[in-house]
2 protein chains.
Amino acid sequence: MEAIAQSFTDYYYTTFDSNRAGLAPLYRANSMLTFEGTQLQGVEAIVEKLSSLPFQKVEHKVSTRDCQPTGDGNSLVVIVTGALMVDDSPAPLNFSQTFVLNPEGGSYYVFNDLFRLNYG
Amino acid sequence: MEAIAQSFTDYYYTTFDSNRAGLAPLYRANSMLTFEGTQLQGVEAIVEKLSSLPFQKVEHKVSTRDCQPTGDGNSLVVIVTGALMVDDSPAPLNFSQTFVLNPEGGSYYVFNDLFRLNYG
């Protein structure tokens, strides 16, 4: 379970930081994203939102990742904390992000995605 | 859905800050807590952990709460960010906490609980 959470989050943030549109295959029509309080559903709306975030360069530095089985026991809830380095700002922004991953054909897709900056 | 998340988190943190043992009715035998990376399961283990945290006074100041339906659509995933004021320390600690609430008899119990401090 920890290995799934690790490989998923590695892949997610590497893709986010290099090619946000490349996240589309991780979402489905029933996927939900709440990004800083804005709620979206479905692949197109989610990828459009992520792609339009107003920064050119972004790097996620993951500090912690925790996971537990959820739903019927075959889904995973994953919580990530870390820092976001945006453009050329020297000040990292703390974030936390929660994913619920549902199984599909031997792999997983993102059913729930909730992102918040955590201001000091 | 937002109303459930609001009333649950209000009740949870008010109880946590006044009488941690009083959180027991919110958990079940299958409930899981990951607290700063330590994994526990079941009412007794969870309440024992929360009750033994080494501070006398604690106050949660909630900044944000977001929620989505999850599982079969009758469960809720709730993500909270905020600050924790501990004992007489003037420096608040940022935290994020994720709950999955499962329905039971017209109410909800905590199935998943994942807590992390979010260091700057």
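This one's a predicted model, so the numbers in the text were calculated from it and none came from an experiment. (Residues numbered from 1 in each chain as written. Chains lettered and ligands numbered in written order. Predicted model: local features only at pLDDT ≥ 70, side-chain atom pairs only at ≥ 80, totals over all residues. Heavy atoms only, no water.)

(A) Main features of unusual backbone geometry. Residue and element names in this part refer to chain A. Non-glycine residue E36 carries a positive phi angle of around 50°. Of note, E36 is situated in the loop between β1 (27-35) and β2 (38-41). Residue class for E36 comes out partly exposed when judged on its relative accessible area of 28%. (Helix = DSSP H or I, 4+ residues; strand = E, 2+ residues; numbered from the N terminus. Buried < 20%, exposed > 50% of the residue type's maximum accessible area, 1.4 Å probe, protein only.)

(B) Layout of the UniProt feature "domain: NTF2" (unreviewed entry) in chain A. Cross-referencing UniProt, the feature "domain: NTF2" (unreviewed entry) maps to residues 4-117 of chain A in the present numbering. Here residues 4-117 of chain A runs as 21% helix and 54% strand, with 24 Å between its end C-alpha atoms. (UniProt positions renumbered as here; feature names shortened; annotations may be inferred.)

(C) Inspection of the side chain of R20 of chain A at higher detail. All names here are of chain A. Along the chain, R20 falls in the loop between α1 (2-18) and β1. For the buried R20, which has no salt bridge, the nearest side chain bearing the opposite charge is D17, at an N-O separation of 7.2 Å. Side-chain polar atoms of R20 contact the backbone oxygen of F55, separated by 2.9 Å. Those residues within four positions of R20 in sequence are excluded, and the remaining contacts are T15, L50, S51, L53, F55 and Q56. (Lys, Arg positive; Asp, Glu negative; His and termini not counted. Salt bridge = Lys/Arg side-chain N within 4 Å of Asp/Glu carboxyl O. Polar contact = N/O pair within 3.5 Å; in protein donor to acceptor, adjacent residues only side chain to side chain. Contact = heavy atoms within 4.5 Å.)

(D) Fine view of the sheet that holds strand β6 (residues 107-117) of chain B. All names here are of chain B. The six strands are arranged β2-β1-β6-β5-β4-β3 in an open sheet whose pairing can be described as mixed. Each edge of the sheet is formed by a strand with only one pairing partner; in this case those strands are β2 (38-41) and β3 (58-70). Neighbouring strand axes in the sheet, compared pairwise and without regard to direction, differ in orientation by 15° on average. Alignment of strand β1 (residues 27-35) against β2, held across four bridges, turns out to be antiparallel. When the bridges of β2 are listed, T34 appears paired with Q39. Contacts from helix α1 (residues 2-18) reach β1, β3, β4 (75-86), β5 (93-104) and β6, with the element oriented near 150° to β3. Contacts between helix α2 (residues 43-51) and the sheet are confined to β1 and β2, with β1 contributing the most and set at about 40° to the helix. (Pairing = 2+ DSSP bridges. Axes fitted to C-alpha atoms, helices over the stretch in contact; angles between N-to-C directions.)

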